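Report on the structure
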Amino acid sequence: MTEKCRCGDHHAWAAPNPQDRPAAPRQPLLAATLAHEDRVEDAGGLDPTDRVTCRTHHRWLHDCVASPVHTNPAIGYRWCRRCDHQALVAVDELAGEVTIRCGLCGAIPRSRANQELVELCRRSLALARSGRFPEIAVA
């Protein structure tokens, strides 16, 4: 197959879409954070589930966390154990809020993994904002 998958994810069999250029070259803070997290992870100093950037999509985590690639039933990320179903993620960039809800029952799966994922997305969102508006960034 040469067409892009409708799920919006990048699969090995899908031809690259020219509009899907990674955001990193256009965002210096994202590029630097990606490179730093890659180096630290490769050296064994960072767990892949503790990143605020996505190594697969080359984006801030909050930008691509809704992708099926970021669902992991074994760890519990974006997973409702009660329904044994994928949870959905909503990111409100204006309010800075991230919520995870089960796609079947609508409940908020309150696993430690999901709570950590929400926190990582909030950190990712804050860093992305500071990169876009450095004059209002608070360290």
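Note: the structure precedes this text.
Overview of the structure. The shown structure was predicted, so the numbers you read here are calculated from the model rather than taken from an experiment.

Digging into unusual backbone geometry
The phi dihedral of R78 is positive, around 55°, even though this residue is not glycine. Considering the arrangement of structural elements, one finds R78 in the loop between helix 2 (61–64) and strand 3 (79–80). In the Ramachandran plot, D84 falls in the positive-phi region, its phi being about 55° despite a non-glycine side chain. Turning to its location among the elements, D84 is positioned in the loop between strand 3 and strand 4 (85–92).

Focus on the side chain of H70
Assignment of secondary structure puts H70 in the loop between helix 2 and strand 3. At 3.4 Å, the side chain of H70 and the side chain of H57 are in polar contact. The contact partners of H70, leaving out residues within four places of it in the chain, are C54, H57, L61, C64, V65, Y77 and R78.

Focus on the sheet that holds strand 5 (residues 97–102)
Taken in spatial order, the three strands line up as 3-4-5 in an open sheet, and their pairing is antiparallel. Strands at the two margins of the open sheet, each flanked by one partner only, are strand 3 and strand 5. Sheet analysis places strand 4 next to strand 5, joined by six bridges and oriented antiparallel. If you follow A90 over to strand 5, its bridge partner there is T99.

Describing the pattern of salt bridges
Taken as a whole, this structure holds eight salt bridges when the rule is applied. A salt bridge links R51 to D38; the shortest N-O distance between them is 2.8 Å. With R51 in the loop between helix 1 (28–42) and strand 1 (53–54) and D38 in helix 1, this pair connects stretches of sequence that are 13 residues apart. Between E116 and R112 there is a salt bridge, and its shortest N-O distance comes to 3.0 Å. Placement of the pair is E116 and R112 together in helix 3 (residues 112–132), with a separation of four residues, close to one helical turn. With relative accessibility at 31%, the residue E116 sits in the partly exposed group. The network of salt bridges with common partners includes E37, D38, E41, D42, R51 and R55.

Here is what the cut-offs are and how they apply
- Residues numbered from 1 in each chain as written.
- Predicted model: local features only at pLDDT ≥ 70, side-chain atom pairs only at ≥ 80, totals over all residues.
- Heavy atoms only, no water.
- Helix = DSSP H or I, 4+ residues; strand = E, 2+ residues; numbered from the N terminus.
- Polar contact = N/O pair within 3.5 Å; in protein donor to acceptor, adjacent residues only side chain to side chain.
- Contact = heavy atoms within 4.5 Å.
- Pairing = 2+ DSSP bridges.
- Salt bridge = Lys/Arg side-chain N within 4 Å of Asp/Glu carboxyl O.
- Buried < 20%, exposed > 50% of the residue type's maximum accessible area, 1.4 Å probe, protein only.

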